[in-house]
Amino acid sequence: MSETMKIEFVALAGLPPQTPTEDSPRQAGGKDGSARTLVIFMGKDFTFGAATLHLIGDQGESLIKKAAAAVKFKGKALTALDLVAPAGLAAERLIVVGTGVDGGDEKREGKSKTDVPPEPEDYAKLGGFVIGKLGREANAVVAFDPPRPPKEPAHAAADFAAGMRLRDYRFDQYKTKKKDDEEAKGGAHILIAVEKPAGVRQAAKGGEAVTAGVLTARSLINEPANVLYPEEFANRALALKKHGVEVTVLDDAAMRELGMGALLGVGQGSARESRAVIMRWRGGKSAKDSAKSKSQPIAFVGKGVCFDTGGISIKPAAGMEDMKGDMAGAACVVGLMQALAERKANVDAVGAIGLVENMPGPQAQRPGDIVKSMSGQTIEVINTDAEGRLVLADLLWYVQDKFKPKFIVDLATLTGAILVALGQEHAGLFTNNDELGERLIAAGKATGEKLWRLPLGAAYDKMIDSKFADMKNTGGRHAGSITAAQFLQRFVHSTPWAHLDIAGTGMGSPASEINQSWGSGFGVRLLDRLVADYYEG
């Protein structure tokens, strides 16, 4: 993994004008005031922030209008006008980035423009777009002065910087030969000029912690399965101890003693032993102080199938290599716990991940086998490729029974059916608690990690009843994502719970302005926002 970007926040008022006068040299910023590239923002109808207008002057504004007319650039959101060696300006390159909101100034569905609220700005996406235009070796000054001032300027600038870092991430550590255009001579150096740098630096600290958590999750997902098997994944999670996270690893013997027959059944066909990892961040408090306050934690559970062949119910060969990412839920939980600890979140949080390999070895479980879960409930294994829910069943019960949490959110690349239903635009949300569901949806909208709620109900639950055991692990082809969620619900009872099916968003996700990686790290920003907005303090 390459990490090459350096970002600094400087005073917007300190940038010298781009159009030189008798009293000002031809400088744009940097150590000696010079910079190769200047980035500014423009809205529709050539609207600029006041500081930007002062920076470019009448000459710069006239130049932009003339160039925009030639290429029909109108300032639409996430478009850019790129001027090399702009006449009369100090910068060697000027990038004008559009921030105009589509439809915000026009009539829509019979409503006047005054009735249509503008869409909220996604500053992380904007930052990713800008670094995509600048390139990985850029030396640039960004005049962060959007035409429509942000409601929270410091957080907007921090999100912008986070988007740049997220876009810049790449996983290339196994490449021994690189193309000429991939050879980085040096990392990007970006100065983000803001009104109040001190406030932005403070806000950016938390954003950098969350971004680091996302990148940790991405790297875990991107690792090949011969490198990241259950024991090694557990070792990676142990590294969170340096951030103050308590980490306990349960091996096969410990899980067998606990009665985790469902989880252990999945991994018994592999030469690699299974693991469960329990992580706890107590908001910086000691275990003793936490016990005194009788803290009730919040909990996150992740599916960690380090490789999924499907077991005896083996998958087709085509695309099976992607099953190294069947642990994206567990990766998210590790990334989230890292983010909470690094930013010193004032919350008591538990993270639990189940780590297995689902292999068709001589000891592998067979279709028709019956296993006993930690809850005491028995499960008929109809299809060994419906294995993730078996892993989660024991973990959900363990977390519910041991920690008595306020709520549990689990994440899993659980079903192909969720891709059929939602594609890769939304993750599926199932919950037994409306308030928790609404908060998750709100956090998803705020971060761009969108969720769509699907139903649960008695009729669906009946589909997983078994003739030979308390339940079976699949309800058949119809409503596959729903019956999987119904299965999980049998292991949480009355605890507020939400299940996020991230099969379409956690791995192999489409490239976006903030993600050019195969592993997206989906869920870290979403759940951190959930915690920050509703559960800290």
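For clarity, every value in this text was computed on a predicted model and none was experimentally measured.

(A) How the structure looks around the sheet that holds strand 16 (residues 471-472). Strand order in this open sheet of three strands is 11-12-16, and the pairing throughout is mixed. For this open sheet the edge positions go to strand 11 (370-372) and strand 16, each flanked by a neighbour on one side alone. In terms of strand pairing, strand 12 (residues 378-380) meets strand 16 through two bridges, oriented parallel. Along strand 16, the bridge assignment pairs Glu 380 with Lys 472.

(B) View of the pairing of strand 3 (residues 80-84). In strand 3, alternate side chains face the same way, and those of Leu 81 and Leu 83 are buried while those of Ala 80, Asp 82 and Val 84 on the opposite face are not. For strand 3 and strand 4 (residues 93-98), the ladder comprises five bridges, and the chain directions are antiparallel. Within the sheet, the bridge partner assigned to Asp 82 lies in strand 4 and is Ile 95.

(C) Highlighting the pairing of strand 8 (residues 275-281). For strand 8, the tally of buried residues reaches seven of seven residues, placing the bulk of the element in the interior. Covered by surrounding structure in strand 8 are Arg 275, Val 277, Met 279 and Trp 281 together with Ala 276, Ile 278 and Arg 280, the residues of both alternating faces. Of the pairings in the sheet, the one linking strand 7 (residues 246-250) to strand 8 comprises five bridges and is antiparallel in character. Bridging from a neighbouring strand, Val 249 pairs with Val 277 of strand 8. Pairing analysis gives seven bridges linking strand 8 to strand 10 (residues 349-358), with the strands arranged antiparallel. Residue pairing across strands places Trp 281 opposite Ala 349, the latter belonging to strand 10.

(D) Looking closely at the pattern of salt bridges. Taken as a whole and judged by the stated rule, the model has 27 salt bridges. In this structure, Glu 232 engages Arg 236 in a salt bridge whose closest nitrogen and oxygen atoms are separated by 2.8 Å. Of this pair, Glu 232 and Arg 236 both sit in helix 5 (residues 230-238), separated by four residues, roughly a single helical turn. Residue Arg 236 is classed as partly exposed on the basis of its relative accessible area of 29%. Each member of the salt-bridge network shares a partner with another, and the members are Arg 136, Asp 168, Arg 170 and Asp 172.

(E) Representation of the packing of helix 4 (residues 197-222) against helix 9 (residues 328-342) within the structure. Two elements in contact, helix 4 and helix 9, have axes separated by 8 Å at closest approach and are oriented at 155 degrees. By the angle between their directions, the pair helix 4 and helix 9 is classed as roughly antiparallel. Every pair of crossing elements has a handedness; the one defined by helix 4 and helix 9 is right-handed. Note on element contacts: helix 9 touches helix 4 through Ala 328, Ala 331, Cys 332, Val 334, Gly 335, Gln 338, Ala 339 and Glu 342, opposite Ala 209, Val 210, Ala 212, Gly 213, Thr 216, Ala 217, Leu 220 and Ile 221. Residues that form the contact of helix 4 with helix 9 fall into these classes: eleven nonpolar, four polar and one charged.

(F) A look at the environment of Leu 429. Checked against the element boundaries, Leu 429 lands in strand 14 (residues 427-431). Residue classification places Leu 429 among the buried positions, given a relative accessible area of 0%. Sequence-wise, Leu 429 and Leu 451 are 22 residues apart; in three dimensions their C-alpha atoms are separated by 6.0 Å. In this view, Leu 429 contacts Gly 437, Leu 440, Ile 441, Leu 451, Trp 452, Arg 453, Leu 454, Ala 498, His 499 and Leu 500; residues no more than four positions away in its chain are not counted.

(G) Examining the nonpolar core more closely. In terms of nonpolar packing, the biggest core is built from 62 residues, with Phe 233, Met 279, Phe 300 and Leu 527 touching the most fellow members. Contact partners of Leu 527, with chain neighbours within four places excluded, come to Phe 300, Cys 332, Leu 336, Val 409, Leu 411, Leu 440 and Leu 500.

(H) Broad picture of helix 12 (residues 434-447). Under the 1.5 Å per step criterion, the end-to-end length of helix 12 is 20 Å for 14 residues, consistent within 8% with the ideal 20 Å. Of all the positions in helix 12, only Leu 436, Gly 437, Leu 440, Ala 443, Gly 444 and Thr 447 are classed as buried. Each buried residue of helix 12 sits inside an arc of 125 degrees when the element is viewed along its axis, so together they form one side. More than 90 degrees from the buried face of helix 12, the exposed residues found are Glu 438 and Lys 445. Those residues of helix 12 that are buried lie in contact with strand 13 (408-412), strand 14, strand 15 (451-453), strand 17 (497-501) and helix 15 (524-534). Regarding helix 12, its N-cap is Asn 433, as a side-chain oxygen of that residue lies 3.2 Å from the backbone nitrogen of Glu 435 further along.

(I) The arrangement of the packing of aromatic side chains in detail. For the structure on display, the rule yields ten aromatic pairs. Ring geometry for Phe 407 versus Tyr 535: centroids 4.8 Å apart, planes at 55 degrees, classification tilted. In this pair, Phe 407 sits in the loop between helix 10 (388-403) and strand 13 while Tyr 535 sits in the segment after helix 15, placing the two residues 128 residues apart along the sequence. The exposure class of Tyr 535 is buried, given its relative accessible area of 15%. Among the aromatic residues, ring-to-ring pairing joins Phe 41, Tyr 123, Phe 144 and Phe 160 into one connected group. Over the ring of Trp 518 we find Lys 324; its NZ or CZ atom is 5.3 Å from the centre of that ring. We note Lys 402 situated over the ring of Phe 403; from NZ or CZ to the ring centre the distance is 5.8 Å.

(J) Looking closely at the state of the cysteines. Going through the model one piece at a time under the given rule, you end up with zero disulfides. Of the cysteine sulfurs around Cys 306, a residue in no disulfide, the closest is that of Cys 332, at 15 Å. You can call Cys 306 buried: its relative accessible area is 1%.

(K) Structural detail: the sheet that holds strand 1 (residues 6-11). Spatial strand order, 1-6-5-2-4-3: six strands in an open sheet with mixed pairing. The open sheet has two free edges, formed respectively by strand 1 and strand 3, since each of these has just one partner strand. When strand polarity is set aside, the average angle formed by the axes of neighbouring strands in this sheet is 20 degrees. Examined bridge by bridge, strand 2 (residues 37-42) and strand 5 (residues 139-143) share three bridges and lie parallel to one another. If you follow Val 39 over to strand 5, its bridge partner there is Val 142. Its contacts with the sheet put helix 1 (residues 50-71) on strand 2, strand 3, strand 4 and strand 5, and the angle it makes with strand 3 is roughly 105 degrees.

(L) Up close: the environment of Arg 343. Assignment of secondary structure puts Arg 343 in the loop between helix 9 and strand 10. Linking Arg 343 and Ala 271, residues 72 residues apart in sequence, is a C-alpha distance of 38 Å. Residue contacts for Arg 343: discarding those within four places in its chain leaves Gly 206, Ala 209, Val 210, Asp 528, Val 531, Ala 532 and Glu 536. Of note is the side chain of Arg 343, whose polar atom sits 2.7 Å from the side chain of Asp 528.

Calculation notes
Residues numbered from 1 in each chain as written. Predicted model: local features only at pLDDT ≥ 70, side-chain atom pairs only at ≥ 80, totals over all residues. Heavy atoms only, no water. Pairing = 2+ DSSP bridges. Helix = DSSP H or I, 4+ residues; strand = E, 2+ residues; numbered from the N terminus. Buried < 20%, exposed > 50% of the residue type's maximum accessible area, 1.4 Å probe, protein only. Salt bridge = Lys/Arg side-chain N within 4 Å of Asp/Glu carboxyl O. Axes fitted to C-alpha atoms, helices over the stretch in contact; angles between N-to-C directions. Parallel < 35°, antiparallel > 145°, perpendicular 65-115°, else oblique. Left-handed = near helix turned anticlockwise from the far one by under 90°. Contact = heavy atoms within 4.5 Å. Nonpolar A, V, L, I, M, F, W, Y, C, P; charged D, E, K, R; others polar. Core = buried A, V, L, I, M, F, W, Y, C linked by side-chain atoms within 4.5 Å. Expected span 1.5 Å × (residues − 1). Arc of directions from axis to C-beta. Polar contact = N/O pair within 3.5 Å; in protein donor to acceptor, adjacent residues only side chain to side chain. Phe/Tyr/Trp six-rings, centres within 6.5 Å; stacked < 30°, edge-to-face > 60°. Lys NZ or Arg CZ within 6 Å of the ring centre and 35° of its normal. Disulfide = S-S within 2.5 Å.

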